[in-house]
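Letter by letter, the chains look like this.
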Amino acid sequence: MPLKLLQFGLSRKYSEPRMFRTPPRLKDKYEAVIIGAGGHGLGVAYYLARDYGLTDIAVVDKGYIGGGNTGRNTAIVRSNYLTEEGVKFYAESVRLFSDLSHDLDINLFYSERGHFTLAHTDASLRTMRWRAEVNKHLGVNSYVILPEEIKKICPYIDISCGGHLPIVGALYHPPGAIVRHDAVAWGYGKQADRRGVEIHQNTCVTGIDVKDNQVVGVQTDRGYIKTNRVLSAVAGYTPRITKLVGLRTPITVQPLQACVTEPLKPWLNSIVVSASLHLYVSQSSRGELVMGASLDPYELHSERSTLDFIEGLADHLLQLFPFLSNIKVNRQWSGMSDMTPDFSPIMGTTPIRGFYIDSGWGTWGFKATPVCGTTMAYTMATNENHELIKPFNLSRFENFAQVGEKGAASVGH
Ligand SMILES: Cc1cc2nc3c(=O)[nH]c(=O)nc-3n(C[C@H](O)[C@H](O)[C@H](O)COP(=O)(O)OP(=O)(O)OC[C@H]3O[C@@H](n4cnc5c(N)ncnc54)[C@H](O)[C@@H]3O)c2cc1C
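Everything in this summary refers to the structure shown in the same document.

This paragraph deals with the site of the ligand. What surrounds the ligand is a group of 36 residues, the closest being Asp61, Asn69, Thr70, Thr74 and Lys367. Interatomic distance of 2.6 Å between a side-chain N/O atom of Asp61 and an oxygen atom of the ligand. A distance of 3.0 Å separates an oxygen atom of the ligand from a polar backbone atom of Trp364. When isolated, the ligand has an accessible area of 1,000 Å², and the protein chains bury 97% of it.

Right, here's the structure in full:
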């Protein structure tokens, strides 16, 4: 062990600067309270402080920062969605991500890999063509490629898929990337803190006070806070928070599972997704294969993972990459995904004044962290929904204006 590391470990003075402060108590009053110290909550706090000078903010989390889905996801970033609203929104996030390490002064290990969505049938190839056309029209780099080209970029793939479901083509999206998810939360936390935002871990919101349809305060297990602005950024816990203000949403909560293998020498340079096989896989900078599937097919408020999931996933992985039959799975886990009927988020103002929502992130919300930060900060600072998130307002479910993204978000995340 290097001597400097040992000295640091034994030092009681923390000679290295802490990433963020830990204020001993909550104040009685803040200009805004953000519930949830995941990437989204911390991102909004950062942009509120940086762009609007609003620093009198408490970000409260019932656990620790990044301990929710931010620290559980498989870190895929892309913008090759299906709808115009979705493509524009995620493209802005990819743009922000590409310079985020610099902006937050922390190495996020942002790594462009290229993203394949495999098609095993003519019907899915048709959807890929549709997506490619929408993407191209909106300036997003994505196009359909044939099996020979897939094999050139990803030589180890078995195009015949063991003879079960041969690959007939793919949507290829060169800017598809992976990025260290925990570093994103820590980077936003650090920079929000530097600007005066308070982060309170181990602080659970148990009530929200509303008078004359206006938010006036938040009850936590560490005391009461007066405030006129509250953002709920709690992903899989959204129904519990919206219940506190009597708001109904169509969100259901379903587990999404993932796993990593033992580290291997680098061999997979792209992100490979197959909706037909319910599988996606990439290789991390540490060499682990990071893998997942589609949602568990039932509603459950739990973060447990199952043997069933690993069995199904291994079966499908071996159809694409049979040579992996002897590798070991090191860890598996799951997160609670806040699913919407149209696979698009629910963002912005609500019928309750001062209560804002950033939710419906299901299996696809990590990639949206920076754009949620900028657009929700704008919305909270001005009380006007940002142009990019207008289509995602809760009111769309009353107005029959859903934004159907299932064709691009079901397994691809
Ligand atoms: C296995 C898995 C794989 C995924 N893969 C991808 C992917 O590859 N790409 C992608 O874009 N997305 C992916 N996602 C989705 C993505 O992880 C989430 O959409 C995103 O991380 C949500 O971030 P968040 O900050 O909104 O919520 P979270 O990170 O979940 O943070 C919410 C926080 O709220 C806190 N909280 C809850 N209730 C309370 C309360 N009452 N009081 C105080 N605090 C509270 C929680 O403790 C938590 O820390 C995946 C999700 C999972 C589970």
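Across the sheet, three strands lie side by side as β10-β11-β12; this open sheet has antiparallel pairing. In this open sheet, the two strands that pair with only one neighbour each are β10 (205-211) and β12 (223-226). Across the sheet, the axes of successive neighbouring strands diverge by a mean angle of 20 degrees, strand direction being ignored. Pairing geometry for strand β11 (residues 214-220) and β12, over four bridges, is antiparallel. What sits directly across from Val218, in β12, is Ile225.

Two aromatic rings, taken as a pair, are described by how far apart their centres are and by the angle between their planes. In the structure shown here, the tally under the stated rule is 18 aromatic pairs. Aromatic pair Phe89 and Tyr90: ring centres 5.2 Å apart, planes at 80 degrees, arrangement edge-to-face. Residue Phe89 shares its accessibility class with Tyr90, and that shared class is buried. Geometrically, the ring pair formed by Tyr143 and Tyr172 is edge-to-face, given 5.9 Å between the ring centres and 80 degrees between the ring planes. In this pair, Tyr143 sits in strand β6 (residues 143-145) while Tyr172 sits in strand β7 (residues 169-173), placing the two residues 29 residues apart along the sequence. Residue classification places Tyr143 among the partly exposed residues on the basis of a relative accessible area of 35%.

Attention now goes to the environment of Asn141. Its location among the elements puts Asn141 in the loop between α5 (122-137) and β6. Given the relative accessible area of 40%, Asn141 is considered partly exposed. When the C-alpha positions of Asn141 and Asn213 are compared, they lie 45 Å apart, and in sequence the two are 72 residues distant. The residues contacting Asn141, other than those within four sequence positions of it, are Tyr172, His173, Pro174 and Pro175.

What counts, and where the lines are drawn
- Here the residue index of a chain counts from 1 through its sequence in written order.
- In view of the model being predicted, local features appear only for residues whose pLDDT reaches at least 70, and side-chain atom pairs are presented and counted only at 80 or more, with totals across whole chains, interfaces and linings using the full set of residues.
- Each side-chain value is derived from all of the structure's non-hydrogen atoms; neither hydrogens nor water enter the calculation.
- We call a residue near a molecule or strand as soon as one heavy atom of that residue lies within 4 Å of the molecule or strand.
- In protein, a polar contact means a hydrogen-donor-capable atom and an acceptor-capable atom, both N or O and within 3.5 Å, with residues adjacent in sequence counting only if both atoms are side-chain atoms; elsewhere, any N or O pair within 3.5 Å suffices.
- Each accessible area is a Shrake-Rupley estimate made with a 1.4 Å probe; only the visible protein chains count as cover when residues are assessed.
- Here, any two strands with at least 2 DSSP bridges between them count as paired.
- Per the convention used, a helix needs a DSSP run of H or I reaching at least four residues, while a strand needs a run of E reaching at least two, with both numbered from the N terminus.
- Fitted lines through C-alpha atoms give the axes, limited to the stretch in contact for helices. The angle between two N-to-C directions lies from 0 to 180 degrees.
- Stacked, tilted and edge-to-face are the three classes applied to pairs of Phe, Tyr and Trp rings, where Trp contributes its six-membered ring and a pair requires centres within 6.5 Å; stacked means planes under 30 degrees apart, edge-to-face means over 60, and tilted covers the rest.
- Three exposure classes are used, based on accessible area relative to the maximum for each residue type with a 1.4 Å probe and protein chains only: buried under 20%, partly exposed in between, and exposed over 50%.
- Between two residues, a contact is recorded if the distance between any of their heavy atoms is within 4.5 Å.

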